[in-house]
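Listed below are the residues making up each chain.
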Amino acid sequence: MLLGKMIKQLREEQGLLQRQLAAELEIDTPMYSKLERGERMPKKEQIEQIATLLKTDEKRLRTLWLADKIYKVTECEKDIQSEAIATVQGLLESTQLR
């Protein structure tokens, strides 16, 4: 979702083809296409490689990767999704204060 859109945008801005990035990642083009469409998530190890290939900040891509994972896990619980995410945010804030 978020990560796929960002990867596609960066790739297109640089005039690269999907098959070029797929070859560098050692995956086939249809698999790479699924990454951009958000149908598959890249492995965490691939994020660094993608960031290097697209000349972008790895932390930015990892953040989007994690946000997509959180959304996917919580999307089936629409009625409590926001509350659960807010609870995690509160937990993170309280542990950072220590």
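Residues numbered from 1 in each chain as written. Predicted model: local features only at pLDDT ≥ 70, side-chain atom pairs only at ≥ 80, totals over all residues. Heavy atoms only, no water.

Chemist: Give a detailed account of the nonpolar core, specifying residues and quantitative values.
Modeler: Counting residues in each nonpolar core, the largest one holds 16 residues, and the members touching the most others are Leu-3, Ile-7, Tyr-32, Ile-50, Leu-54 and Leu-61. Mapped onto this core, the elements with two or more residues apiece are helix H1 (2–13), helix H2 (18–25), helix H3 (29–37), helix H4 (44–53) and helix H5 (58–74). Broken down by element, this core gets its largest block of residues, 4 residues, from H1. Not counting chain neighbours up to four residues away, the residues in contact with Leu-3 comprise Pro-42, Ile-47, Leu-61, Leu-64, Trp-65 and Asp-68. (Core = buried A, V, L, I, M, F, W, Y, C linked by side-chain atoms within 4.5 Å. Buried < 20%, exposed > 50% of the residue type's maximum accessible area, 1.4 Å probe, protein only. Helix = DSSP H or I, 4+ residues; strand = E, 2+ residues; numbered from the N terminus. Contact = heavy atoms within 4.5 Å.)

Chemist: Requested: an account of H4, with residues and values cited.
Modeler: Listed in full, the buried residues belonging to H4 are Gln-46, Ile-47, Ile-50 and Ala-51. Angularly, the buried residues of H4 cover 140 degrees about the axis, an arc narrow enough to put them on a single face. The outward face of H4, more than 90 degrees from its buried face, is lined by the exposed residues Glu-45 and Thr-52. If you follow the buried residues of H4, they end up packed against H1, H2 and H5. Backbone geometry just after H4 places Lys-55 at a positive phi near 50 degrees. (Arc of directions from axis to C-beta.)

Such coordinate-based values are descriptive only and should not be taken to indicate function.
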